Amino acid sequence: MTDNDALRERIAAELLAARDRTTQLTSVVDDADLIRQHSPIMSPLVWDLAHVANQEELWLLREVGGRTPMHPEIDPLYDAFEHPRAERPALPLLAPIEARGYGHEVRGRVMDLLEKERFSGTRLTEGGFAFGMIAQHEQQHDETMLATHQLRTGPAALSAPPPPPAPADAATLPAEVFVPGGPFTMGTSTEPWALDNERPAHAVDVPPFYLDTTPVTNAAYAEFIADGGYDDPRWWTPDGWAHRQRAGLIAPLFWRWEGEWVQVTFGLSAPVIPNEPVLHVSWYEADAYARWAGRRLPTEAEWEKAARHDTATGRSRRFPWGDADPTPEVANLGQRHLRPAPAGSYPAGAAPCGARQLIGDVWEWTSSDFEPYPGFTAWPYKEYSEVFFGPEYKVLRGGAFSVSPVACRGTFRNWDYPIRRQIFAGFRTARSAPPEAR
Ligand SMILES: [Fe+2]
């Protein structure tokens, strides 16, 4: 098999995996449910269904293949920038059966195109980039659709086996790990399917610090609540406190007090699991917890250094465990489970510094604003990253159980508003090393 054949096979498998997941997420509910808007901050599922097909047509059939538009009249409906999520239900969207038919038709033509693709000659096709971008795009929308499922009310529609129990050493892990100071390589110039905001690789000097070995657990977060953390403005930034007051926040989204904390997970109500990473907290809540704990959120550079820097070789790995792609043994990714695994899970996926679960389980809020790396250039379109740069958005790292391996790397950057809670986000805390540890 040639390299091109291997790449073709990998692309076909990733496109298929994305479509299988889209199909699963949109076939477990009826048409009325697909058309309904379950939350004003989310699209109806049927919008995502046709939008992924439209983007696939745009980038693969038109840009790579040079084909003429199949249904130019629907392009504006599925342009995410033309219509914010709240407006989408009122649009004359394709019906579920039409959206599925369109997706099927596009995919058939893409598979024909892929057969003949040489993966060279243009930057879009080099290394199969545009195909990888589209597989990631569909998986990113699948994650958004999963969040819509979590927001919908009514009987449970999704099911999956629980994650594996915590390993024997989870209870005796040190609370924090040490990450030595010095420069490391952040970002990438070599990862073929990395998106523009992950590029280019550049050296960043990070002072020594300590990082939580695992994400913050529900039990630890419940202590913050019980200690009056939501009632004490000392722990909150002024913006965070104003938001906490306005929104009436008292606990993570989907938590309810019934004599004990109960959590609704994809339509099923059950007591909060103490040793599970806390989920569905905003940046403001994560930041307040960290201050209450006498700590702080890690910066984005600290997070990436902890996840990738190999002190023995001085180089940055693709993932905490090394350069190999994720497997079920090292990380909770790909919606194999519908919740994070207990804190301390996946010892085989530990980083060189000893931190666990940096990849998978829960997205981790960092203290950093979403900003371009030095030398950034928008590519292939400004609306992927560039229009979001600035202090309005905070960076999240590491992916979650809801994230496909194809859309997750040690360099992958996610961002959202500091008030957002429907995303699958938790966090861990850090502290700077005192001078005697340096
Ligand atoms: Fe999109």
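Predicted model, so just to flag it, every value in this text is computed and none were measured. (Residues numbered from 1 in each chain as written. Predicted model: local features only at pLDDT ≥ 70, side-chain atom pairs only at ≥ 80, totals over all residues. Heavy atoms only, no water.)

**Student:** Any chance you could explain the overall build of the chain here in plain terms?
**Tutor:** Along the chain, the regular secondary structure elements total nine helices and twelve strands. Over its C-alpha trace the chain gives a radius of gyration of 22 Å, about what one expects of a compact globule, namely 22 Å for 438 residues. Seen along its three principal axes, the alpha-carbon backbone of the chain occupies a region of about 65 × 50 × 40 Å. Buried positions account for 58% of the 438 residues belonging to the chain. (Helix = DSSP H or I, 4+ residues; strand = E, 2+ residues; numbered from the N terminus. Rg over C-alpha atoms; globule rule 2.2 N^0.38 Å. Buried < 20%, exposed > 50% of the residue type's maximum accessible area, 1.4 Å probe, protein only.)

**Student:** Looking at this structure, how should I read helix H5 (residues 129-151)?
**Tutor:** Side chains three or four residues apart in an α-helix point the same way, a direct result of the helix having 3.6 residues per turn. For H5, which comprises 23 residues, the first-to-last C-alpha distance of 33 Å matches the rise-based estimate of 33 Å (1.5 Å per residue) to within 8%. Of all 23 residues making up H5, 23 are buried, and the element is well covered by its neighbours. (Expected span 1.5 Å × (residues − 1).)

**Student:** What should I look at first to understand the coordination of the iron ion in this one?
**Tutor:** Geometry reference: four tetrahedral donors at a metal, ideal angle 109.5 degrees. Six octahedral donors, ideal angles 90 or 180 degrees. Those donors, His51 (NE2), His137 (NE2) and His141 (NE2), are the protein atoms that reach the iron ion, and they lie 2.2 Å from it. A residue is classified by how much of its surface remains accessible, and His137, at 12% relative accessible area, is buried. (Donors = N, O, S within 2.8 Å, 3.2 Å for Na, K, Ca; no water.)

**Student:** Help me understand the packing of helix H3 (residues 45-64) against H5, please; the structure alone is not making it clear to me.
**Tutor:** When two helices pack together, their arrangement is given by the angle between the helix axes and the distance between those axes. Close contact between H3 and H5 brings their axes to 10 Å; oriented N to C, the two are set at 175°. As judged from the angle between their axes, H3 and H5 are roughly antiparallel. Contacts from Leu45, Trp47, Asp48, His51, Val52, Gln55, Glu56, Trp59, Leu60 and Val64 of H3 reach H5 at Ala130, Phe131, Met133, Ile134, His137, Glu138, His141, Thr144, Met145, Thr148 and His149. (Axes fitted to C-alpha atoms, helices over the stretch in contact; angles between N-to-C directions. Parallel < 35°, antiparallel > 145°, perpendicular 65-115°, else oblique. Contact = heavy atoms within 4.5 Å.)

**Student:** Help me understand helix H9 (residues 300-308) in this model?
**Tutor:** Buried residues dominate H9, accounting for nine of its nine residues. Buried within H9 we find Glu300, Ala301, Glu302, Trp303, Glu304, Lys305, Ala306, Ala307 and Arg308.

**Student:** Looking at this model, I keep getting lost on the packing of aromatic side chains. Mind explaining?
**Tutor:** Aromatic ring pairs: the centre-centre distance and the angle between the two ring planes describe each pair. In the structure shown here, the tally under the stated rule is 33 aromatic pairs. Here the aromatic rings of Trp257 and Trp261 are separated by 5.1 Å at their centres, their planes lie at 70°, and the arrangement is edge-to-face. Ring geometry for Phe388 and Trp415: centres 5.4 Å apart, planes at 45°, overall tilted. Of this pair, Phe388 sits in the loop between strand S8 (363-370) and strand S9 (390-397) while Trp415 sits in strand S10 (residues 413-416), placing them 27 residues apart in sequence. Overall, Trp415 belongs to the buried group, its relative accessible area being 13%. Clustering of aromatic rings is evident, with ring pairs tying together Trp59, Phe81, Phe370, Phe376, Tyr381, Tyr384, Phe388, Phe389, Tyr393, Trp415 and Tyr417. It is Lys394 that lies over the ring of Trp283; its NZ or CZ is 4.5 Å from the centre. Arg431 extends its terminal NZ or CZ atom over the ring of Tyr210, reaching a point 4.1 Å from the ring centre. (Phe/Tyr/Trp six-rings, centres within 6.5 Å; stacked < 30°, edge-to-face > 60°. Lys NZ or Arg CZ within 6 Å of the ring centre and 35° of its normal.)

**Student:** I'm lost on the sheet that holds strand S12 (residues 430-432) in this one. Help?
**Tutor:** The pairing of strands in a sheet happens through backbone hydrogen bonds and is either parallel or antiparallel. Taken in spatial order, the three strands line up as S1-S4-S12 in an open sheet, and their pairing is antiparallel. Looking along the sheet, the strands with just one partner apiece sit at the ends: strand S1 (176-179) and S12. Direction aside, the axes of adjacent strands within the sheet are offset by 20° on average. Those strands touched by H9 are S1, strand S4 (209-212) and S12, and its axis lies near 75° from that of S4. (Pairing = 2+ DSSP bridges.)

**Student:** Whenever I open this one, the sheet that holds S10 confuses me. Can you help?
**Tutor:** Strand order in the open sheet made by the four strands is S10-S9-S8-S11, with mixed pairing throughout. The sheet is open, and its two borders are formed by S10 and strand S11 (425-426), each paired with just one other strand. Here S8 pairs with S11 via two bridges, running parallel. Bridge assignment links Glu364 to a residue of S11, and that residue is Gly426.

**Student:** Explain the pattern of salt bridges to me, please; I cannot follow it from the model alone.
**Tutor:** In a structure, side chains of opposite charge can pair up when their charged atoms sit close to one another. Across all of its chains, the model carries 34 salt bridges by this definition. Measuring nitrogen to oxygen at the nearest pair gives 3.3 Å for the salt bridge that ties Arg107 to Glu138. Taken together, the residues Arg107 in helix H4 (residues 96-116) and Glu138 in helix H5 connect sequence positions 31 residues apart. For the pair Arg107 and Glu138, one class covers both residues: buried. Ionic contacts of the salt-bridge type, sharing partners, join the residues Glu300, Glu304, Arg308, Arg397 and Arg413 into one network. (Salt bridge = Lys/Arg side-chain N within 4 Å of Asp/Glu carboxyl O.)

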